[in-house]
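Structural features, examined
Now for the letters of each chain:
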Amino acid sequence: MRVVIAEDSVLLREGVARLLEDEGHHVVAKAGDGEELLAEVARHTPDVAVVDVRMPPTHTDEGLRAALTIRERWPGMGVLVLSQYVEERYATELLTADAGGIGYLLKDRVARVEEFMDALTRVAEGGSALDPVVVRQLFARSRRSDPLSRLTERESTILGLMAEGHTNESIARQIYVSNSAVEKHVASIFRKLELDAAEGASRRILAVVRYLKS
Amino acid sequence: MSGPGARRPVTGTLIRTVHALLDALVGIPALLALVALPVLRRAKRHRGRREKLLLTAARLERRRLLASGIASVTDPLKDIARIRPEARQDVVADAMDRTHTWLVTRALVGAPLGLAVLVAWSAGIALAASSLLGPGHAVLTEAARVIAGLVLLGLAPWLAGALASWDARVAGRLLGPGEPTRLAARVDALIRSRASVVEAVDAERRRIERDLHDGVQQQLVALALLLATAKRAAARSPATLPEGAAPTGPDVLPTLDRAHENALQALTELRDVAWRVYPAILDERGLDAALSALAERSAVPIRIDHRLPWRLPSGVEPVAYFAVSEAVTNAAKHAGADLIQVTIEAVGDRALITVEDNGVGGADPTGAGLSGLMRRVGAVEGKMTVTSPVGGPTVITVELPCVS
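Residues numbered from 1 in each chain as written. Chains lettered and ligands numbered in written order. Predicted model: local features only at pLDDT ≥ 70, side-chain atom pairs only at ≥ 80, totals over all residues. Heavy atoms only, no water.

Within an unreviewed UniProt entry, the label attached to chain B reads histidine kinase, and the organism entered is Streptomyces radicis. Looking at chain B in UniProt, the text filed under Catalytic activity (unreviewed entry) is "ATP + protein L-histidine = ADP + protein N-phospho-L-histidine." (UniProt positions renumbered as here; feature names shortened; annotations may be inferred.)

The name that an unreviewed UniProt entry assigns to chain A is DNA-binding response regulator, with the source organism given as Streptomyces radicis.

Each helix and strand in chain A was counted, giving twelve helices and six strands. For chain A, the proportion of its 214 residues judged to be buried stands at 58%. (Helix = DSSP H or I, 4+ residues; strand = E, 2+ residues; numbered from the N terminus. Buried < 20%, exposed > 50% of the residue type's maximum accessible area, 1.4 Å probe, protein only.)

As a further point, take the sheet that holds strand 1 (residues 302–306) of chain B. Backbone-to-backbone hydrogen bonds join strands into a sheet, with any given pair of strands oriented parallel or antiparallel. All names here are of chain B. Pairing is mixed across the open sheet formed by five strands, whose spatial order is 1-2-3-5-4. Single-partner strands in this sheet number two, and they are strand 1 and strand 4 (383–387). Going across the sheet, the axis of each strand differs from the next one's by a mean of 10°, ignoring polarity. Relative to strand 2 (residues 340–347), strand 1 is paired through five bridges, and the arrangement is parallel. Bridge pairing in strand 2 links His306 to Ile344. Strands in contact with helix 9 (residues 287–297) are strand 1 and strand 2; relative to strand 1, the strand with the most contacts, it is inclined by about 170°. Taken strand by strand, helix 10 (residues 317–333) contacts strand 1, strand 2, strand 3 (350–357) and strand 5 (395–401), and its axis lies near 10° from that of strand 3. (Pairing = 2+ DSSP bridges. Axes fitted to C-alpha atoms, helices over the stretch in contact; angles between N-to-C directions. Contact = heavy atoms within 4.5 Å.)

So, on to the packing of helix 6 (residues 179–235) of chain B against helix 10 of chain B. Residues and elements named next belong to chain B. Two elements in contact, helix 6 and helix 10, have axes separated by 10 Å at closest approach and are oriented at 75°. Considered as vectors, helix 6 and helix 10 are oriented roughly perpendicular to each other. Facing helix 6, whose interface residues are Val198, Asp202, Arg205 and Arg206, helix 10 presents Pro318, Val319 and Phe322. For the contact of helix 6 with helix 10, the class distribution of residues is four nonpolar, no polar and three charged. (Parallel < 35°, antiparallel > 145°, perpendicular 65-115°, else oblique. Nonpolar A, V, L, I, M, F, W, Y, C, P; charged D, E, K, R; others polar.)

Moving on to the interface of chain B and chain A. Listed as interface residues are 29 residues of chain B and, on the opposing side, 30 residues of chain A. When the two sides are added together, the surface that chain B and chain A hide from each other amounts to roughly 2700 Å², 51% of it contributed by carbon and sulfur. Counting the contacts that link chain B with chain A gives four salt bridges. Between Arg232(B) and Glu114(A) there is a salt bridge whose closest N-O contact spans 2.9 Å. Counting the contacts that link chain B with chain A gives ten residue pairs in polar contact (both at pLDDT 80 or more). Elements with a minimum of two residues in the side of chain B that touches chain A: helix 6, helix 7 (252–277), helix 8 (280–285) and helix 9 of chain B. Here the element with the most residues in the side of chain B that touches chain A is helix 6 of chain B; it accounts for 14 residues. For the side of chain B that touches chain A, the residue count by class is eleven nonpolar, eight polar and ten charged. (Buried area = accessible area lost by both parts, 1.4 Å probe. Salt bridge = Lys/Arg side-chain N within 4 Å of Asp/Glu carboxyl O. Polar contact = N/O pair within 3.5 Å; in protein donor to acceptor, adjacent residues only side chain to side chain.)

As a further point, take the packing of aromatic side chains. Residues and elements named next belong to chain B. A full pass over the atoms with the stated rule returns three aromatic pairs over all chains. Judged by centre distance (6.4 Å) and plane angle (85°), the rings of Trp275 and Tyr321 are edge-to-face. Remark: Tyr321 occurs in helix 10 and Trp275 occurs in helix 7; sequence separation between them is 46 residues. Since its relative accessible area comes to 13%, Trp275 is described here as buried. A cation over a ring is seen here: Arg205 above Phe322, with NZ or CZ 4.6 Å from the ring centre. (Phe/Tyr/Trp six-rings, centres within 6.5 Å; stacked < 30°, edge-to-face > 60°. Lys NZ or Arg CZ within 6 Å of the ring centre and 35° of its normal.)

All right, on to the pattern of salt bridges then. Here the structure, examined in full by the defined rule, presents 31 salt bridges over all chains. Here Asp22(A) ties to Arg18(A) by a salt bridge, and the two come within 3.7 Å at their closest N and O atoms. One end of the pair is Asp22(A) and the other is Arg18(A), both in helix 1 (residues 10–22) and four residues apart, which spans about a single turn. Each of the salt bridges in this network shares a partner with another, and the network as a whole consists of Glu61(B), Arg64(B), Arg106(B) and Asp167(B).

In terms of nonpolar packing, the biggest core is built from 55 residues, with Leu37(A), Ile70(A), Tyr104(A), Leu130(A), Leu159(A), Met162(A) and Leu193(A) touching the most fellow members. Looking at which element gives the most residues to this core, the answer is helix 12 (residues 200–213) of chain A, with six residues. The contact partners of Met162(A), leaving out residues within four places of it in the chain, are Ile171(A), Val186(A), Ile189(A), Phe190(A), Arg204(A), Ile205(A) and Val208(A). Counting 44 residues, the second-largest nonpolar core is a separate cluster that includes Leu312(B), Ala320(B), Ile344(B) and Leu400(B). (Core = buried A, V, L, I, M, F, W, Y, C linked by side-chain atoms within 4.5 Å.)

Turning next to empty space enclosed by the protein. All names here are of chain A. For the structure shown, the criterion picks out two cavities of 30 Å³ or more. Empty space within the second largest cavity amounts to approximately 30 Å³. Along the walls of the second largest cavity sit Ile5, Ala6, Glu7, Val16, Val50 and Leu82, which together make up its complete lining. Its residues assigned to classes, the lining of the second largest cavity comprises five nonpolar, no polar and one charged. (1 Å grid on protein atoms, 1.4 Å probe; cavity = no way out; pocket = protein on both sides within 12 Å on 5 of 7 lines; lining within 4 Å. Points joined across faces, edges and corners; volume = space filled by probe spheres on them.)

So, on to the side chain of Asn330(B). Structurally, Asn330(B) is set in helix 10. What makes Asn330(B) buried here is its relative accessible area of 14%.

Written as structure tokens, this is what we have:
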């Protein structure tokens, strides 16, 4: 896939670029701030943009704002946002009406190469990825502890993986059960939480995150 | 006392003479008041009026001293609204007492002195002038009258000056801010500076946390990434090595693997340290969110009941967070608790935090953790209690003010 990287730390930018090139992807451009990123995205229309939240000039959330602009102008393009630490606000701002092709990961995750590549691929293909730490925090903060406690341990695990943006197939692979078993669990979870059985991993992540936050 | 008088002796003398005249005149109502006050003082219902009279007299006197350039005396009650409520009564009572003393002194000493100045002037002028008008009576010789007149005229300005400086001294001591006012101001200043030290510590913690995230974390991620890339490259078939590249021994892969694992562990630890230094979520999302995140990280289950209808002031919020975090650490480490209940509620305009565990009790409030916490709570004018009988449960309460 064709990737644009926006990251102001040269060390990290080159590291990620090298990794992606090694994995056989094509890094079409590297940017050091939000404006440069938008210019490069306009020039190359990549499959996915990897964006650091904090970049010059203010080092606050220009990466996030650039990511939101990309979502608006190029709706089909995948955006994977990297953040220094968990900020649910960022996650929820990114997960708007259509959660497809969006990812929010902690920067640490980049060093866990398999997880990072998995998330990046999912986002590039129109899926979603939410960092497990963000999901854990959403679970801890959820005021709906009663319905959540009705879930079995396995169902809780699956709900977490759903919130991270995994498809049924991917969940099945990770917890070593069959696809149909996952489907059965998912149906049971949606019934217990009284959620609309949303189609597809992208809509599902949105439904789950909304549920946990409300 | 110096001021205009020092530069223009004639004007100065004139001003001080007018001042002395007023002194003499002020003495009369003051004497009247002296008679009236004990009566008013006895009648409780007139207390308010008596106080008002005294304060008005004091205000007029301060204004008079300022107008004649003799002294500038600060009203002891000027900043009463800024003084802590519990100290206000002392300050007012002290001001009233001293104003009363001033009135007595004014009537008994000031008025006669003022009269003396006036007598010196008029007698001096009269004696000196009478010698010019013609031959005098037999009582005093003409020369004696002139000498007496000139002596009196020389004495009068000196007396007026002495009276003015006496007035300034008395007013400074009795009508200005007294010991309780100064004490209250000093206590207020100390409270503020103590709280600002705590705030400075928190600001420093925030800065360190940010530096850890922006500096060390980035470097570590890059390092771990490099190791991961090297690992993946080494894992590929040795045939893909570029020509002339050093042959990798069979043990390179596990070493790289361990190095990568270590770097990841360092990252996790760094995240933990940064969190313990200062939880960034606290500033962004408030106490409830930070405590939820704390609960999520804790090995011992924590139940949080956050019922504060408002957010704590920015200087107090970190104190509340670290209070809970320290209490929780204590419960997990020493009490062997397996459930910790944290309640935060509003009691009047204060926040009451209760941390209760089901552990074995016997917590030592003088231990490093709890006594440090107590100092921190005290620094923002909060109160903390530790109840921990042997056998448990341990209950720690922290009461924090919600106005900064």
